[in-house]
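Here are the chains, one letter per residue:
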Protein chains: 2
Amino acid sequence: MSPPSLARLPHVVIIGGGFGGLAAARELGRAAVRVTLVDRRNHHLFQPLLYQVATAGLSGPDIAAPIRRVLRRQRNTTVLLAEVASIDPEGKRVVLRDGELTYDHLIVAAGAGNFYFGHDEWAAHAPGLKSIEDALEIRRRVLCAFEAAEREEDPERRRARLTFVVVGGGPTGVELAGALAEIGKHTLARDFRNFDPSDARVVLIEGAPRLLGGMAAELSEAARKGLVDRGVEVRLESRVETIDEHGVVVGGERIVADTVLWAAGVAASPLAGSLGVPLERGRVLVEPDLSIPGHPEVYVIGDMAALKQDGAWLPGVAQVAIQGGRVAARNVLRRLSGATTEPFRYRDKGSMATIGRSAAVAEIGGLKSKGFFAWVVWWLVHIVALIGFRNRVMVMLEWFWAYISWQRSARVIVDRPPALTAGSDDGA
Amino acid sequence: MSPPSLARLPHVVIIGGGFGGLAAARELGRAAVRVTLVDRRNHHLFQPLLYQVATAGLSGPDIAAPIRRVLRRQRNTTVLLAEVASIDPEGKRVVLRDGELTYDHLIVAAGAGNFYFGHDEWAAHAPGLKSIEDALEIRRRVLCAFEAAEREEDPERRRARLTFVVVGGGPTGVELAGALAEIGKHTLARDFRNFDPSDARVVLIEGAPRLLGGMAAELSEAARKGLVDRGVEVRLESRVETIDEHGVVVGGERIVADTVLWAAGVAASPLAGSLGVPLERGRVLVEPDLSIPGHPEVYVIGDMAALKQDGAWLPGVAQVAIQGGRVAARNVLRRLSGATTEPFRYRDKGSMATIGRSAAVAEIGGLKSKGFFAWVVWWLVHIVALIGFRNRVMVMLEWFWAYISWQRSARVIVDRPPALTAGSDDGA
């Protein structure tokens, strides 16, 4: 039980242990409030490196830290492993699947899931990349595709098994496509007998005229060129019309592929709907101080929030969530002390994406960089940002090992018997 | 495709990429035969360290190596990811779930699964430890039990959530019980608010009068004492009568426990039955040269084989499988060259088990050791035996980190939403 003195303090409930929720909890660590952080996972996930888990470069635990471990020194904070069913702002209640919590102040940071532009039937054929389970499923599909190719006699079917389509040319799509190209060219070289893994075909499909829409045009072009040099087919201004078990149809052309990965769109958590306030493309339209209309004690941050700054919607990136979490936490404390809340102003610290071994693009504070230097910066920033000392060291070592050996350390298919999946059509 | 010259060579099929199958494949690496190794997993698993994955000390990929990577330099060897449905010794065929293989010589090394002494209904309540999936399921149950305890108001129910019963006092059971005790005492200390993780109760149940039946009596006693010192309740000469969702009944007494783990018995792969030869407790009664009666071209090795040496059945340990794999492979070559086969003679290289941090028991070539020295030996032997240079380095570092920090690096619950399991009875 919490010490009795704690029970009398105002209760701040935070939903979600991602970048936003964790930043909010830390900001409240020494405040005279009682904090409860609820998440349906026991771990904080370092999502920017999730594509490495999907492409067998890292193990899941390398990029995950137990939330209660991260917050263990905050004696005013309780971490609860529970799934939130809905929010009742009128009753100031968070309804759990197996209980409920009452709050004085609420910070909602439940993040986003994949969004298939109204084609939910595509989800089965084109998994997205939001959780460790997603990453393991993608890893399973990719590794199984090569395994299935080894057993395939028909050249056309083998071609389909060795074709990988990535939908969406943002950072996640670019990083997935780059890593997939290197798996075929280097990691699996010499491991198969009946085909050459470097024959694998990777297609990256983007609807806009350039990749990495959030970055400067010259970096978009550098990323495109870097991917093409690595053997990736980059298709710009192309829209996916169909995704099914045979592959995709894009611009009227069918690309036959056993493996299609989704990196094109995210939608806010369904919890947004239960707040009873206006939504913008599934996101909650928040006030400038990140609270919701009519409920100044409820804040929505990160991927769940829709807020315009200088005429443009804020992007769904970690920095927006982290900075928003801090502002929401501070606004809780301001209101408790009777002060007015501060408006949220996002400060863009830059963005970056790796293209592959020794190559990345980065844009930091107006400075643009590409190639090896950008890759080193990418590397340093991600290592430093990783939560938990141990993970930092292990990931650094995994990468060092991967760099000198061209190997990927997590080539393990977990879960379903793999030979029996990957669109097998050669009998029971 | 294999080089055409290979196709004319005798075809040796190996079922299973565990210790036995891999040893056989390596022995045949430079021989004038064509080798096909079939496994339903893409990875070789270092089973002696599986309990570390189950207790969140290591990630799955740390102790798994892709089979085709291990054998990539053997140009005469093809690795197939496929599930074997049955064996047809008369037709010299291996029937796969989606195809078939014909062979000239067959080495069956499909290993063992858990055996619940005829109580298959216990499996749902007491998972065993044979695969990475098993280990992740056990990890999930253990971590979820602590999470559920944090939310439990009723002291009696909380007690049940914090009670862990391990059935079976062989090396796996001893190592699991020791690791579980340390998780409560050290790893999770300070991480919870509503209970003290060191209150966790660990009960180890063994039917025989001592633990580690295969080792010298004084080491059994040292292991028992080491576990008791760490807070484990060791119950010898105790037989489990019931395992259900409420825990176990042992000697007429009910132990209420949410988490029960099975380390008591293994049964040979069901493939043994399809060979049409006599079985001994599910295992194939093999000839002294490891072939089966009536089919000198079929060998059965490792956990699947039943063979007596000096009046006692050979144990189901890695060394028996490895040495058996080598002898079976050599006997294939002997028969091809017209020589008579050699009988298998197991040479016991010793056995060991860790009890916990800085403590183990070891018996090597008649030398007995316990405590810190045995632990260092255990550590060195397991590091050296790990397949794949990278895994060795990473596991060494993980252990070094765990040793200095008392932490476990893989505290990540994957798969099912965890709050909703672990015998939750507090509503939908």
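Below you will find a few notes about this structure. These numbers come from a predicted model, not from an experiment. (Residues numbered from 1 in each chain as written. Chains lettered and ligands numbered in written order. Predicted model: local features only at pLDDT ≥ 70, side-chain atom pairs only at ≥ 80, totals over all residues. Heavy atoms only, no water.)

Residues and elements named next belong to chain A. Two elements in contact, helix H2 (residues 19-27) and helix H9 (residues 318-336), have axes separated by 7 Å at closest approach and are oriented at 35°. As for the relative orientation of H2 and H9, their crossing is right-handed in sense. Where H2 abuts H9, its residues Phe19, Gly20, Ala23, Ala24 and Glu27 lie against Ala318, Ala321, Ile322, Gly325, Arg326, Ala329 and Arg330. Within the contact of H2 with H9, the residues separate by chemical class into seven nonpolar, two polar and three charged. (Axes fitted to C-alpha atoms, helices over the stretch in contact; angles between N-to-C directions. Helix = DSSP H or I, 4+ residues; strand = E, 2+ residues; numbered from the N terminus. Left-handed = near helix turned anticlockwise from the far one by under 90°. Contact = heavy atoms within 4.5 Å. Nonpolar A, V, L, I, M, F, W, Y, C, P; charged D, E, K, R; others polar.)

Another point: helix H7 (residues 171-187) of chain A. Between the first and last C-alpha of H7(A) there are 22 Å, a value that for 17 residues agrees with the 24 Å anticipated at 1.5 Å per step. Taken across its 17 residues, H7(A) has 13 buried, putting it largely inside the fold. (Expected span 1.5 Å × (residues − 1). Buried < 20%, exposed > 50% of the residue type's maximum accessible area, 1.4 Å probe, protein only.)

Now for the interface of chain A and chain B. Contacts between chain A and chain B engage 66 residues on the former and 66 residues on the latter. Between chain A and chain B lies a buried interface of about 6,000 Å² when both sides are counted; carbon and sulfur atoms form 52% of it. The interface formed by chain A and chain B contains eight salt bridges. Between Glu150(B) and Arg68(A) there is a salt bridge, with the nearest N and O atoms lying 3.8 Å from each other. Linking chain A with chain B are 22 residue pairs in polar contact (both at pLDDT 80 or more), by the criterion used here. A breakdown of the residues in the side of chain A that touches chain B according to their chemical character gives 28 nonpolar, 13 polar and 25 charged. (Buried area = accessible area lost by both parts, 1.4 Å probe. Salt bridge = Lys/Arg side-chain N within 4 Å of Asp/Glu carboxyl O. Polar contact = N/O pair within 3.5 Å; in protein donor to acceptor, adjacent residues only side chain to side chain.)

Take the pattern of salt bridges next. Side-chain pairs of opposite charge can arise where the charged atoms are in close proximity. Residues and elements named next belong to chain A. Applying the stated rule across the entire model yields 54 salt bridges over all chains. With a closest N to O distance of 2.6 Å, Arg201 and Glu233 form a salt bridge. Here the residue Arg201 occupies a position in strand S12 (residues 201-205), and Glu233 occupies one in strand S13 (residues 232-235), the gap between them amounting to 32 residues. Residue Glu233 is classed as partly exposed on the basis of its relative accessible area of 27%.

Right, let's get into the relation of the copies chain A and chain B. Taken as rigid bodies, chain A and chain B are interconverted by a rotation of 180° and an axial shift of 0.0 Å, the fit giving an RMSD of 0.0 Å. This pairing of chains is accounted for by a two-fold axis. In terms of C-alpha distance to the rotation axis, chain A has Ser59(A) as its closest residue, with the C-alpha 3.4 Å off the axis. When the interface residues of chain A are mapped onto chain B, 100% of them are again interface residues, pointing to one common binding face. (Least-squares fit on C-alpha atoms with pLDDT ≥ 70 in both.)

Attention shifts here to the side chain of Glu297(B). Residue and element names in this part refer to chain B. In this structure, Glu297 sits in strand S22 (residues 295-300). Put simply, Glu297 is tucked away with no salt bridge, and the nearest opposite charge, on Lys92, sits 4.6 Å away. Dropping the residues within four chain positions of it, Glu297 is found in contact with Pro89, Lys92, Tyr103, Asp104, His105, Leu106 and Arg335. (Lys, Arg positive; Asp, Glu negative; His and termini not counted.)

Read these as spatial facts, not as claims about activity.
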